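Coordinate inspection notes
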Amino acid sequence: MAQTMKSVPLEAEHIAAGGKMVEFAGYSMPVQYTGIKEEHHVVRNGVGLFDVSHMGEVEFRGPDALAAVDHLITNDISKLVDGQAMYTAMCHANGGIVDDLVVYRLGAERILICVNAANREKDFEHMKSHKMSGNFEMVDRGEEFAQLAIQGPKAIQVVQAITDIDAAAIPYYHAADGRVAGVECLVSRTGYTGEDGFEVYIPVSGAKAVFEGLMEAGIPAGMQLCGLGCRDTLRLESKFLLYGNDMTDDTNPLEAGLGWVTKLDRDTDFVGKSSIEAIKSSGVTRRLRGLVLQERGVIRHDYPIFVGDNEVGIVTSGGYSPTLEQSIGLGYIAVEFCDAESVEIEIRGRRIPATTTKKPFYKRKD
Amino acid sequence: MQQIPADLKYTKDHEWVRDEGDGVVTIGITHYAQEALGDIVYVELPAPGNSVEAHGECCVVESVKAVSDVYSPVSGEIIETNHNLDSSPDLVNETPYTDGWMMKIKLSDVSELDGLLDAEGYMIFLTP
């Protein structure tokens with residue numbers, strides 16, 4: 001790749017902290033600091049700090065902003081109250097997934113959408129080309145924010161130490177405006193790890209102050225910097241899908257298990273609705289399933305899945321679960337075989353047994 | 001600072017070789033290699049009795065991040081593998097030159113050892 005990597009506002013801080021930098025979605029990002037397993041356990045048992053500034057943000061503003069977003073997404077935005085967030089898919093007209101998003105209703109006329117780093121340009125173009133007419137504007141705010149995620153059972157004590165907001169009063173999938181380390185931020189109780197935690201949207205000019213404030217506030221809790229490596233193992237254990245692996249332009253929300261955020265019974269004729277209705281009535285051809293390898297080894301992306309002599313599917317995410325200490329994965333299995341309790345995964349020419357599951361591999365105790 | 005024991009030989013693929021005498025060598029991967037791989041969670045060892053070629057794949061190492069081949073530094077017959085790695089693959093991270101050894105090979109051509117890097121040569125190879 002001739003083009004140079006983009007950097008996040010805190011890149012120098014990551015390098016100084018010993019972050020091992022790698023290219024991800026065109027950005028130079030820390031994949032780990034001390035080690036993926038150690039960072040993983042820190043988030044499960046204490047608290048970790050992630051820089052997720054590579055994520056993009058798009059804001060819709062104006063009297064018709066709500067309707068304009070509703071037209072683009074599979075989930076029902078009318079259910080949101082001010083300050084509430086929602087997970088959703090955004091689809092092509094043919095029902096293929098453009099991206100998965102977190103949508104915030106900041107106000108009756110202000111909707112903020114957090115999009116995946118790799119899809120920033122694609123999403124904005126899609127939103128533009130499917131833009132309904134109305135009284136609103138659409139603004140790409142991706143370069144305005146740094147984003148830090150504080151994740152783990154002790155996240156709340158770290159955040160509370162440096163904010164004037166009552167962090168405990170922010171319910172899961174809600175957000176509040178407030179000062180963090182003296183900087184005006186949006187503090188969201190969301191995450192991609194399966195633990196309690198916060199994602200803080202910070203104006204770029206305040207990124208360093210918030211980062212330093214969090215690092216200091218995190219000392220009593222034993223907070224550690226965490227990289228994208230454990231972000232992936234944490235999300236996989238929690239069975240959170242990854243765009244580009246478990247969802248692509250060629251997968252639809254029903255086969256991806258995103259029926260719960262695909263609201264077909266509402267009046268809005270959102271982009272992709274009629275295609276998804278047609279898929280629903282004819283039935284999906286494959287379904288995403290969790291996989292747990294029954295022998296030593298590691299499931300990886302693109303490994304074929306077998307039932308008997310039939311090749312029935314393909315792994316879309318795979319790896320090692322530091323919590324379970326065995327390999328887990330996600331993969332699409334042809335609908336005729338998707339209820340098989342055991343399958344085989346071909347690893348370097350050998351077929352290794354795996355069990356299937358519809359549930360997350362890990363669920364936190366509340 | 002790289003750990004490069006003076007009594008071992010090395011390859012540009014980041015394997016190390018210890019000459020045990022009697023035409024037998026022990027091999028493993030270097031400190032540099034284990035650090036680049038990150039947390040190792042599985043080592044797929046070959047069966048003793050198999051023969052290997054110099055530069056041929058002899059073993060697979062899975063880290064949390066990725067899967068990587070280990071290439072045999074020498075040709076010969078695998079006479080023993082380190083079964084402690086079955087239950088503790090992280091030995092390769094913790095002590096790559098000692099408890100993290102991978103296999104012993106009976107050399108088919110002792111002169112292949114002369115083509116390997118010594119500690120100084122490997123250090124120069126690693127120096128950017």
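Every chain's residues receive numbers from 1 upward, in the order its sequence appears when written. Chains and ligands are labelled by the order in which they are written, letters from A for the one and numbers from 1 for the other. Whole-chain, interface and lining totals are the exception, using all residues; otherwise, since this is a predicted model, local features are given only for residues with pLDDT of at least 70 and side-chain atom pairs are given and counted only at 80 or more.

Examining the overall build of chain B
The helix and strand labels rest on DSSP assignments: H or I over at least four residues marks a helix, E over at least two residues marks a strand, and numbering proceeds from the N terminus. Helix and strand content of chain B: 4 helices and 9 strands. Secondary structure elements in chain B, listed N-terminal to C-terminal, are β-β-β-α-β-β-β-β-β-α-α-β-α. Only the C-alpha atoms count toward the radius of gyration. The rule for a globule is 2.2 Å times the residue count to the power 0.38. For 128 residues, the compact-globule estimate of 2.2 N^0.38 gives 14 Å, and the C-alpha radius of gyration of chain B, at 13 Å, lies within 12% of that figure. Across its three principal directions, the C-alpha atoms of chain B cover 35 × 35 × 20 Å. As a rule, residues whose C-beta atom has 12 or fewer other C-beta atoms within 10 Å are exposed, those with 20 or more are buried, and those in between are partly exposed; C-beta atoms are placed from the backbone. Taken over 128 residues, chain B has a buried fraction of 41%.

A word on the overall build of chain A
Looking only at helices and strands, chain A features 8 helices and 20 strands. For 366 residues, the compact-globule estimate of 2.2 N^0.38 gives 21 Å, and chain A sits close to it at 21 Å. Along the first, second and third principal axes, the C-alpha atoms of chain A reach 60 × 50 × 45 Å. By the burial criterion, 49% of the 366 residues in chain A qualify as buried. Working definition of a contact: two residues with C-beta atoms, positioned from the backbone, lying within 7 Å. Of all intrachain contacts in chain A linking residues separated by at least 6 positions in sequence, the fraction that spans at least 24 positions is 68%.

Examining unusual backbone geometry
All names here are of chain A. Phi angles above zero are rare outside glycine, and Asp302 is one such case at about 80°. Here Asp302 is to be found in the loop between strand 15 (286-293) and strand 16 (304-307). Given 10 C-beta atoms within a 10 Å radius, Asp302 is considered exposed. Positive phi outside glycine occurs at Glu325, with the angle close to 55°. Positionally, Glu325 belongs in the loop between strand 17 (310-321) and strand 18 (326-334). Note on Glu325: 9 C-beta atoms within 10 Å, which makes it exposed.

With respect to the interface of chain B and chain A
With 10 residues of chain B in contact, the opposing surface of chain A contributes 13 residues. At the level of elements, strand 4 (40-44) and strand 6 (57-63) of chain B are the ones that each hand at least two residues to the side of chain B that touches chain A. Broken down by class, the residue content of the side of chain B that touches chain A amounts to 5 nonpolar, 1 polar and 4 charged. In this classification, Asp, Glu, Lys and Arg are treated as charged, Ala, Val, Leu, Ile, Met, Phe, Trp, Tyr, Cys and Pro as nonpolar, and every other residue, Gly included, as polar.

Details of the environment of B:Ser87
Within the fold, B:Ser87 resides in helix 2 (residues 84-87). Considering only alpha carbons, one finds B:Ser87 and B:His14, 73 residues apart in sequence, at a separation of 23 Å.

Some thoughts on the sheet that holds strand 3 (residues 24-29) of chain B
All names here are of chain B. Here, a strand pair is defined by DSSP locating no fewer than two bridges between the strands. Taken together, 6 strands build an open sheet; the order of strands is 1-2-3-9-8-5 and the sheet is antiparallel. Because the sheet does not close on itself, it has two edges, and the strands there are strand 1 (9-10) and strand 5 (51-52). When strand 5 meets strand 8 (residues 76-81), the two strands line up antiparallel, connected through 2 bridges. By the bridge assignment, Ser51 is partnered in strand 8 with Glu77.

Comments concerning the nonpolar core
Residue and element names in this part refer to chain A. In this structure, Val69, Val103, Leu148, Ile150, Ile202, Val210 and Ile345 are the most contacted members of the largest nonpolar core, which totals 135 residues. In terms of residues, this core owes the most to one element, strand 7 (residues 97-107), which gives 6 residues. The residues touching Val103, leaving out its near neighbours within four places in the chain, are Val69, Ile73, Ile77, Ala85, Met86, Thr88, Ile111 and Ile113. Think of a nonpolar core as buried Ala, Val, Leu, Ile, Met, Phe, Trp, Tyr and Cys residues chained together by C-beta atoms that fall within 7 Å.

Points about the environment of A:Asp267
With respect to the element layout, A:Asp267 can be found in the loop between helix 7 (228-237) and helix 8 (273-282). Each C-alpha atom, one on A:Asp267 and one on A:Asp76, is 9.8 Å from the other, the two residues being 191 residues apart in sequence.

Digging into the sheet that holds strand 5 (residues 56-61) of chain A
For sheets, the rule is that strands pair by backbone hydrogen bonds, running either parallel or antiparallel. Residue and element names in this part refer to chain A. Strand order in the open sheet formed by 5 strands is 6-7-8-5-9, and the pairing between neighbours is antiparallel. Edge positions in the sheet fall to strand 6 (84-91) and strand 9 (137-140), since each has one partner strand and no second. Each strand of the sheet is rotated relative to its neighbour by a mean of 25°, with strand direction disregarded. With 5 bridges connecting them, strand 7 and strand 8 (residues 110-115) associate as antiparallel partners. In the strand pairing of strand 8, Gly107 is matched with Arg110. Between N-to-C directions, angles cover 0 to 180 degrees, with each direction set by a line fitted to C-alpha atoms, over the stretch in contact for helices.

Quick word on the pairing of strand 7 of chain A
All names here are of chain A. Within strand 7, 9 of the 11 residues are buried, leaving the element largely enclosed by the surrounding structure. Bridging between strand 6 and strand 7 involves 8 bridges; their strand directions are antiparallel. Residue Ala89 lies in a different strand from strand 7, and its bridge partner there is Asp100.

Comments concerning the pairing of strand 13 (residues 197-203) of chain A
Residues and elements named next belong to chain A. With 6 of its 7 residues buried, strand 13 lies for the most part within the structure. When strand 10 (residues 145-151) meets strand 13, the two strands line up antiparallel, connected through 7 bridges. By the bridge assignment, Ala146 is partnered in strand 13 with Ile202.

Re helix 4 (residues 120-129) of chain A
Residues and elements named next belong to chain A. The set of residues buried in helix 4 consists of Arg120, Asp123 and Met127. Buried positions in helix 4, seen along its axis, are confined to an arc of 70° and lie on one side of it. More than 90 degrees from the buried face of helix 4, the exposed residues found are Glu125, Lys128 and Ser129. At its buried positions, helix 4 is contacted by strand 5, strand 6, strand 7, strand 8 and strand 9. Note that the arc is defined by the directions from the helix axis to the C-beta atoms.

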